Amino acid sequence: MRVLITGAAGFLGSHLSDKFLAEGHEVVGMDNLITGKMDNIAHLFGNERFRFIKHNVSEYIYVEGAIDAVLHFASPASPIDYLIHPIPTLKVGSLGTLNTIGLAKAKNARYLLASTSEVYGDPQVNPQPETYWGHVNPIDHAACMTKPSGSLRR
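Residues numbered from 1 in each chain as written. Predicted model: local features only at pLDDT ≥ 70, side-chain atom pairs only at ≥ 80, totals over all residues. Heavy atoms only, no water.

**Looking at the overall build of the chain**
Heads up, the condition is: Secondary structure elements follow DSSP: runs of H or I of four or more residues count as helices, runs of E of two or more count as strands, with numbering from the N terminus. A contact between two residues is defined here by any heavy atoms of the two lying within 4.5 Å. Areas reported as accessible are Shrake-Rupley estimates using a 1.4 Å probe. Residue values count occlusion only from the protein chains shown.
The secondary structure content of the chain amounts to three helices and six strands. Residue pairs in contact within the chain that sit at least 24 positions apart in sequence constitute 67% of those at least 6 positions apart. Split by element, the accessible area of the chain, about 8800 Å² in all, is 57% carbon and sulfur.

**Quick look at the side chain of T100**
The cut-off we apply is this: Residue exposure (1.4 Å probe, protein chains only): buried if accessible area is under 20% of the type maximum, exposed if over 50%, otherwise partly exposed. Side-chain atoms alone can form a polar contact between residues adjacent in sequence; in general such a contact is a pair of N or O atoms within 3.5 Å, and within protein one must be able to donate a hydrogen while the other accepts it.
When you line up the elements, T100 lands in helix α3 (residues 86-107). Classification of T100 as buried rests on a relative accessible area of 0%. Within the local environment of T100, its side chain forms a polar contact with the backbone oxygen of T97, the two atoms lying 3.1 Å apart. If near-sequence neighbours (up to four positions away) are discounted, T100 is found in contact with T6, V57, I61, V70, H72 and Y111.

**A look at the side chain of H25**
Position of H25 among the secondary structure elements: in the loop between α1 (11-22) and β2 (26-31). Apart from residues no more than four positions distant in its own chain, H25 is found in contact with M1, F20 and R49.

**Description of the pattern of salt bridges**
Pairing between side chains becomes possible if they bear opposite charge and their charged atoms approach one another. What counts, and what does not: We define a salt bridge as a contact between a side-chain nitrogen of Lys or Arg and a carboxyl oxygen of Asp or Glu at a distance within 4 Å.
Inspection of the entire model under this criterion finds two salt bridges. Residue E26 is joined to R2 by a salt bridge in which the shortest nitrogen-to-oxygen separation is 3.7 Å. Of this pair, E26 sits in strand β2 while R2 is found in strand β1 (residues 2-6), placing the two residues 24 residues apart along the sequence. Its relative accessible area of 15% is what places R2 among the buried residues. Here K19 makes a salt bridge to E23, at a shortest N to O gap of 2.6 Å. Judged by relative accessible area, K19 falls into the partly exposed class, the value being 46%.

**Looking at the packing of aromatic side chains**
The following threshold applies: Pairing of aromatic rings covers Phe, Tyr and Trp, the last counted by its six-membered ring, and requires centre-to-centre distances within 6.5 Å; plane angles under 30 degrees mean stacked, over 60 mean edge-to-face, and any other angle means tilted.
Considering all chains together, one arrives at two aromatic pairs under this definition. Ring plane angle 90 degrees and centroid distance 5.8 Å describe the contact between F45 and F50, whose orientation is recorded as edge-to-face. Residue classification places F45 among the partly exposed positions, given a relative accessible area of 41%.

This is the structure we're talking about:
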């Protein structure tokens, strides 16, 4: 299986890359490095089943060859990062999601969209089940993080 992981140089993306490679899959890691760190994936360079593309998923995405799955994990995820980069955070949650869905559709690939618990705002229920609609203030400091969560199948 060949997998595209956006946000590959971030905490979750880098660990997902490790897991997929350990299971024998090919990984195309994509990150614009706005908050991701090359140190998180440096150990993967030299692995013939890993390819890194420095790219902002808020822009049109092209990946050569077949892709079986797209895992969209790109986004600043900490309050410090998304407060420093609110517009890129909004763009990756909207345009980045649109672009990664478009790529998955074009490649006939499975798709997974990940998000943080920020989508629920200041929760009144903990842990939040997928049926919980949340308690979100659309104008507070975390408003740029409120992208939808869940997964889609082809």
